[in-house]
Amino acid sequence: MAYGLLKGKRGIIFGALNDMSIAWKVALKAHEEGARFTLTNTPVALRLGTLKELAEKTGSEVLPADATNVQDVEDLLLKSMEVLGGKVDFILHSIGMSPNVRKGLPYDRLNYDFFLKTLDISALSFHKLLMLARKHDAIEDWGSVVALSYVAAQRTLFGYNDMGDAKALLESIARSFGYIYGRDKKIRVNTISQSPTITTAGSGVKGIDTLIDFTERMSPLGNATADDCANYCITLFSDLTRKVTMQNLFHDGGFSSMGMSMRAIDQYSKSFDECD
Ligand SMILES: NC(=O)c1ccc[n+]([C@@H]2O[C@H](COP(=O)([O-])OP(=O)(O)OC[C@H]3O[C@@H](n4cnc5c(N)ncnc54)[C@H](O)[C@@H]3O)[C@@H](O)[C@H]2O)c1
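The residue count restarts for each chain, going from 1 along the sequence in the order it is written. In keeping with the model being predicted, local features are shown solely for residues with a pLDDT of at least 70 and side-chain atom pairs are shown and tallied solely at 80 or more, while totals for entire chains, interfaces and linings include all residues.

Enquirer: What is the right way to look at the site of the ligand in this model?
Expert: The immediate surroundings of the ligand are formed by 27 residues, with Ser-21, Gly-96, Thr-199, Ala-201 and Gly-202 found nearest. Under the DSSP-based scheme used, a helix requires at least four consecutive residues in state H or I and a strand at least two consecutive residues in state E, with every element numbered from the N terminus. Sorting the residues of the shell around the ligand by element identifies α1 (22–32) and β5 (139–149) as the ones contributing at least two each. Partitioned by chemical class, the residues of the shell around the ligand number 13 nonpolar, 13 polar and 1 charged. What makes a residue near a molecule or strand is its C-beta atom, placed from the backbone, lying within 6 Å of it. In this classification, Asp, Glu, Lys and Arg are treated as charged, Ala, Val, Leu, Ile, Met, Phe, Trp, Tyr, Cys and Pro as nonpolar, and every other residue, Gly included, as polar.

This is the structure we're talking about:
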């Protein structure tokens with residue numbers, strides 16, 4: 001059911017690759033709620049993914065940009081304002097990639113060129129986006145910027161590797177820029193810390209299926225799906241959350257506050273039964 005929460009609002013959505021992407025679901029919901037927006041991804045992702053299909057469904061223009069490239073992001077912001085007919089009200093940063101994870105290099109044997117690439121793509125790109133948006137005054141007063149994060153920013157999770165460091169930096173950038181943008185323009189900057197979700201990026205995490213089973217058993221409300229995440233993003237883009245900023249908002253069915261659950265204990269005890 002749509003509520004018209006984003007009626008008349010303009011936005012930019014980064015990171016939809018295919019119909020499993022969290023950004024894809026956000027775009028569908030934002031369209032349902034009355035928003036108009038541009039869609040963007042790297043030229044390679046545009047070739048390999050299916051973004052054109054989403055653009056047709058939502059009546060959006062696709063603008064290629066590598067989020068680590070300052071000129072690309074600058075062009076994207078200016079072109080988006082031109083296409084949409086004014087400043088934007090919301091931006092979704094839904095971008096993450098680690099070459100170390102891709103190449104299977106563990107945390108105690110990282111390649112540092114790859115590590116810098118991880119940080120650039122997954123965290124610094126958020127700073128570049130915010131800095132350039134401010135430079136070009138591209139976001140309306142009381143606008144909302146959201147980036148997607150993961151609990152590995154606060155806690156060590158096997159296999160998440162240098163992406164944990166990137167997420168910690170991403171969340172810190174949201175706080176640091178949230179102060180400046182809030183003070184000067186009343187613009188909110190938040191991160192959403194999402195449950196593990198099966199997507200192209202999610203599938204790169206070692207043992208993702210077991211992790212998803214574990215977090216499902218640990219979370220009183222169960223894992224949050226990509227559709228649930230999209231709903232949460234819409235609330236943050238809407239005028240109903242105008243005083244929420246500089247937050248890392250856990251969207252994980254309660255996982256981040258749990259130590260041990262009955263369902264996880266039940267499963268864990270089974271392994272002892274097998275040893276008897
Ligand atoms: N899937 C999960 O389990 C999970 C959990 C918590 C947070 N997240 C975060 O959600 C966000 C979206 O990931 P997803 O799970 O939907 O996977 P996804 O693979 O669908 O999306 C990742 C996107 O990042 C884009 N990207 C990579 N390098 C880029 C660059 N240089 N410039 C612009 N775009 C670039 C990719 O093309 C892709 O569209 C990421 O920040 C991810 O870390 C995912």
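Enquirer: What's the story with helix α4 (residues 70–84) in this structure? I'm lost.
Expert: Since there are 3.6 residues in each turn of an α-helix, residues three or four apart along the chain are aligned in direction. For a helix, the expected span equals 1.5 Å multiplied by the residue count minus one. Taking 1.5 Å per residue as the helical rise, α4 with its 15 residues ought to reach 21 Å, and the 21 Å between its terminal C-alpha atoms agrees with that figure. Residues of α4 that are buried include every one of Val-73, Leu-76, Leu-77, Ser-80 and Leu-84, and no others. One face of α4 carries all of its buried residues, which in axial projection span an arc of 95°. Turned more than 90 degrees away from the buried face of α4, the exposed residues are Gln-71 and Glu-82. Placing C-beta atoms from the backbone, we regard two residues as in contact once those atoms come within 7 Å. Where α4 is buried, its residues touch β1 (10–14), β2 (36–40), β4 (88–93) and α6 (112–135). One or two positions beyond α4, positive phi appears at Gly-85, with a value near 80°. To assign burial, the other C-beta atoms lying within 10 Å of each residue's own C-beta are counted, with C-beta atoms placed from the backbone; 20 or more indicates buried, 12 or fewer indicates exposed, and intermediate counts indicate partly exposed. It is the directions from the helix axis to the C-beta atoms that the arc portrays.

Enquirer: Got a minute to help me understand helix α3 (residues 51–58) in this structure?
Expert: Buried within α3 we find Leu-51, Leu-54 and Thr-58. Looking straight down α3, one finds that the buried residues subtend no more than 60° of arc, so they occupy a single side. With respect to the buried face of α3, the exposed residues turned more than 90 degrees away are Lys-52 and Glu-56. Following α3 by one or two positions, Gly-59 has its phi on the positive side, about 65°.

Enquirer: Explain the packing of α4 against α6 here, please?
Expert: Angle between the axes and distance between the axes: these two values describe a pair of packed helices. Contact geometry of α4 with α6 gives a least axis separation of 10 Å together with a crossing angle of 50°. As judged from the angle between their axes, α4 and α6 are oblique. The hand of the α4/α6 crossing is right-handed. Residues Val-70, Val-73, Glu-74 and Leu-77 of α4 form the contact with α6, whose participating residues are Lys-128, Leu-129, Leu-132 and Ala-133. Looking at the contact of α4 with α6, its residues break down into 6 nonpolar, no polar and 2 charged. To obtain each axis, a line is fitted to C-alpha atoms, and for helices this fit is confined to the stretch in contact; angles are then taken between N-to-C directions over 0 to 180 degrees. When describing relative orientation, an angle under 35 degrees is termed roughly parallel and one over 145 degrees roughly antiparallel, while 65 to 115 degrees is termed roughly perpendicular and anything else oblique. Left-handed describes a crossing whose near helix is turned anticlockwise from the far helix by less than a right angle; the clockwise case is right-handed.

Enquirer: Got a minute to help me understand the environment of Leu-249 in this structure?
Expert: Structurally, Leu-249 can be placed in strand β7 (residues 248–251). Counting along the chain gives 101 residues from Leu-249 to Leu-148, while the straight-line C-alpha distance between them is 9.6 Å. If we ignore the near neighbours within four places in the chain, the residues touching Leu-249 are Asn-190, Ile-192 and Ser-193.

Enquirer: What is the right way to read the sheet that holds β4 from this model?
Expert: Spatial ordering of the open sheet is given by β3-β2-β1-β4-β5-β6-β7, a layout of 7 strands whose pairing is parallel. Taken across any chain shown, the strands that pair with only one partner, and hence form the sheet edges, are β3 (61–62) and β7. Sheet topology places β2 next to β3; 2 bridges connect them, and they run parallel. Each residue of the ladder has a partner; that of Thr-38, found in β3, is Glu-61. Strands β1, β2, β4, β5 and β6 (188–194) of the sheet are contacted by α1, whose axis makes an angle of about 160° with β1. Across the sheet, helix α7 (residues 163–185) lies against β5, β6 and β7, angled at about 155° from β6, the strand it touches most. For two strands to count as paired, DSSP must find a minimum of two bridges between them.

Enquirer: Looking at this model, I keep getting lost on the environment of Lys-167. Mind explaining?
Expert: As for its position among the elements, Lys-167 is in helix α7. Under the C-beta neighbour-count criterion, Lys-167 is labelled buried, with 25 such atoms within 10 Å. Put simply, Lys-167 and Ser-122 are 45 residues apart on the chain and 7.2 Å apart in space, counted from C-alpha to C-alpha. The residues touching Lys-167, leaving out its near neighbours within four places in the chain, are Ser-149, Tyr-150, Ala-152 and Ala-153.

Enquirer: Please clarify how the pairing of β4 should be interpreted in this entry.
Expert: If a strand is regular, its side chains alternate between the two faces of the sheet. Summarising burial for β4: 6 of the 6 residues are buried, a large majority. Summarising the sheet, β1 and β4 pair through 3 bridges and their orientation is parallel. Within β4, the residue paired with Ile-13 across the bridge is Leu-92. Where β4 meets β5, 5 bridges bridge the pair, whose relative direction is parallel. Across the sheet, Ile-91 pairs through a bridge with Val-145, a residue of β5.

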